[in-house]
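Each chain, written out:
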Amino acid sequence: MKQFHNFINGEFVATSKTFENRAPADNHVIGLVHEAGQAEVDAAVKAARAAMNGEWGKMSVVKRVELLNAVADEINNRFDEFLAAELADTGKPHSLASHIDIPRGAANFKIFADIIKNAPTESFQMTTPDGGTAISYGVRVPLGVVAVVCPWNLPLLLMTWKVGPALACGNAVIVKPSEETPATATLLGEVMNKVGIPKGVYNVVHGFGPNSAGEFLTKHPDVDGITFTGETRTGEAIMAAAAKGVRPVSFELGGKNAAVVFADADFDKAIAGVTRSVFENCGQVCLGTERVYVQRPIFDKFVKALKEKAEALKIGPSDMPGVGMGPLISAEHKEKVLSYYQKAKAEGANVVTGGGTPTMEGKYAEGHYVQPTIWTGLPETSPIIREEIFGPCCHIAPFDTEEEAIALANDTPYGLATSIWTTDISVATRMANAIHVGLCWINSWFLRDLRTPFGGSKGSGIGREGGVHSLEFYTDLRNVMIKI
Ligand code: NAD
Ligand code: 6OD
């Protein structure tokens, strides 16, 4: 049976307490995960601190950059292993993980290696009261020991999106992967050893949240900062833990994102884009669309076309030829999504398509598959329209004016992302200014330039990462003033 060990101080560490890692595609047991207790978390934090006080803390930026590029190259050398691990853990289509998840796992090290090489700091010259001169300059120093708490939906991509900049800035990390997807974070430990990242710089502790590795790590007094991606409710718990010791947090949280489609949009492109933003990764993308607002003249045509796209999606495991949608991550998450499917019916939604589970053959009958689902006809107060479901589903409602579309899109406690579909650039840019989100896509969705700020407003997060913005969290900016 495959074992997923903790990775502490450059070594794989077993514990006496294990839990099963199951494949969402068919629910088979992939292996056993060794849950870290307080002792393992303490050891990981101690190792990270020792790394900061040792060779890693003294290493030149040039050498760090060289090592980070080597990490990226080694992920690419072992691409197929990372891909197989991610596919087993998530069940997502092969085409998706091979084009997005794993390449981004490598790119997240390269981009921050480039950025840290070229990041300037400010300097000022001033006249002092005695007529002399003083010069101030900024120095970026690492934040220190950073806890990285990760979700399951894009495991390697989202973990390296934090670990890449953290290491580029000279920090040491302790990663707590999701209990659902332990594999790629563990595999990355082998890569770190292979390329010569010093011991203790990259650590992995496995387990759950409350009363497990997640809580032990985020409450640990020797952790200097916490970067977290996950549910807004979990963010609240972690923020409370971080308050003790006034530790900084960087949060990428949930969303209830709106797509707004104007009547003048390129119809086929809008349909293709919204199909992706609703159903990609089985709707388990924080940036995904769960609310679609369509201008009235094209409403019926749009609903019909999206229904056809949803019904054409081939549902199945990663390696099924032509598969368009895999399973949800777990039985528990399937239960949650199906509870919303039932609630929508109970609330009187018009079920345009889906609303249940597909019939799967053989062993895949044990997988966590649900149907892509579209509703219309619910009031904006419905929980279907207000709460993040994180499944392959959306509600579509009509609107008449730009002002109405802005009000609808903004009527949510979340503020992560939106996508606007129109051929009128004036409308598009007015919408981009008016919708309260961290990320606005125009005639596109999930198009990424890693140099740009990424994050959410309102209940969707705190702070921005990406490009030089990541340096704001992963370094402390110190001012040095010299009296000449
Ligand atoms: P989650 O919040 O349930 O879990 C995320 C991580 O937090 C896991 O590793 C979990 O073990 C840990 N955790 C849970 N409770 C904890 C606690 N009390 N203390 C410390 N750690 C704790 O999220 P999830 O279900 O894994 O992921 C899905 C969620 O993530 C969705 O809400 C989605 O929108 C969000 N997400 C946001 C972004 C973004 O960029 N904004 C990206 C991906 C996912
Ligand atoms: O592309 C990224 O950097 C990123 N953080 C994506 C988040 C996707 C959420 O599910």
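Quick caveat: nothing in here was measured; it's all calculated off a predicted structure. Starting afresh in each chain, residues are numbered from 1 along the sequence in its written order. Chains carry letters and ligands carry numbers; both start at the beginning, A for chains and 1 for ligands, and go up in the order they are written. It should be noted that, the model being predicted, local features are given only for residues of pLDDT at least 70 and side-chain atom pairs only at 80 or more, the latter also being counted only at that level, while totals for whole chains, interfaces and linings use all residues. Calculated side-chain values reflect all of the structure's heavy atoms, with hydrogen atoms and water omitted.

**Considerations on the overall build of the protein chain**
For the record, the criterion: Helix and strand assignments follow DSSP, with helices taken as H or I runs no shorter than four residues and strands as E runs no shorter than two, numbered in order from the N terminus. Throughout, the radius of gyration refers to the C-alpha atoms, and the reference size of a globule is 2.2 Å times the residue count to the power 0.38. Exposure is judged per residue with a 1.4 Å probe applied to protein chains only, and the accessible area is read against the type maximum: over 50% gives exposed, under 20% gives buried, and values in between give partly exposed. Contacts: residue pairs with any heavy atoms within 4.5 Å of one another. In these tables, accessible area is a Shrake-Rupley quantity obtained with a 1.4 Å probe, and a residue counts as shielded only by the protein chains included in the view.
Looking only at helices and strands, the protein chain has 16 helices and 23 strands in total. For 484 residues, the compact-globule estimate of 2.2 N^0.38 gives 23 Å, and the C-alpha radius of gyration of the protein chain, at 23 Å, lies within 12% of that figure. Along the first, second and third principal axes, the C-alpha set of the protein chain runs to 70 × 65 × 40 Å. Counting over 484 residues, the protein chain shows a buried share of 59%. For the protein chain, the share of sequence-separated contacts (at least 6 apart) that also reach a separation of at least 24 residues comes to 74%. Of the accessible surface of the protein chain, which amounts to about 19,200 Å², a share of 54% is contributed by carbon and sulfur atoms.

**Things to note about the site of ligand 1**
To be explicit about the condition: For this description, a residue counts as near a given molecule or strand if any of its non-hydrogen atoms is within 4 Å of it. A 3.5 Å cut-off defines polar contacts: any pair of N or O atoms within that distance qualifies, except that in protein one atom must be a possible hydrogen donor and the other a possible acceptor, and neighbouring residues in sequence count only when both atoms are side-chain atoms. Only Asp, Glu, Lys and Arg are considered charged in this grouping, and only Ala, Val, Leu, Ile, Met, Phe, Trp, Tyr, Cys and Pro are considered nonpolar; every other residue, Gly among them, is considered polar. The source of the domain bounds is an automatic or database domain assignment.
Near ligand 1 lie 31 residues; those nearest to it are Cys150, Glu179, Thr234, Leu253 and Glu388. With respect to ligand 1, the backbone of cysteine 150 contributes an N or O atom lying 2.7 Å from an oxygen atom. Glutamate 179 has a polar side-chain atom sitting 2.7 Å from an oxygen atom of ligand 1. Compared with its free state, where it exposes 850 Å², ligand 1 has 92% of that area covered by protein. Among the residues making up the shell around ligand 1, the classes are represented as 16 nonpolar, 9 polar and 6 charged. Formed jointly, the shell around ligand 1 draws a minimum of three residues from each of two domains, domain 1 (2–253 + 460–483) and domain 2 (257–449).

**Looking at the site of ligand 2**
Inspection of the region around ligand 2 gives 13 residues, with Arg104, Asn153, Leu154, Cys286 and Arg448 positioned closest. In the environment of ligand 2, an oxygen atom lies 2.7 Å from a nitrogen or oxygen atom belonging to the side chain of arginine 104. For ligand 2, the protein covers 100% of the area, taking 310 Å² as the surface of the free molecule. It is helix α6 (residues 155–168) that provides the largest number of residues to the shell around ligand 2, a total of 3 residues. Here the shell around ligand 2 is built from residues that sort into 9 nonpolar, 1 polar and 3 charged. Lining the shell around ligand 2 are residues from two domains, each supplying at least three of them: domain 1 (2–253 + 460–483) and domain 2 (257–449).

**Digging into the packing of aromatic side chains**
The criterion, for reference: Pairing of aromatic side chains here covers Phe, Tyr and the six-membered ring of Trp, requires ring centres within 6.5 Å, and sorts the geometry by plane angle: under 30 degrees stacked, over 60 edge-to-face, intermediate tilted.
Per the stated rule, a full pass over the model turns up 13 aromatic pairs. Ring centres 5.5 Å apart and planes at 70° place the aromatic pair tryptophan 152 and phenylalanine 390 in the edge-to-face group. Taken together, the residues span a long stretch of sequence, with tryptophan 152 in the loop between β8 (145–149) and α6 and phenylalanine 390 in the loop between α13 (383–386) and β17 (393–399) at a distance of 238 residues. Given the relative accessible area of 17%, tryptophan 152 is considered buried. The interplanar angle of 80° and the centroid separation of 5.3 Å between the aromatic rings of phenylalanine 262 and phenylalanine 399 together place this pair among those described as edge-to-face. With a gap of 137 residues between them, phenylalanine 262 in the loop between β13 (257–261) and α10 (267–279) and phenylalanine 399 in strand β17 connect regions that are remote in the sequence.

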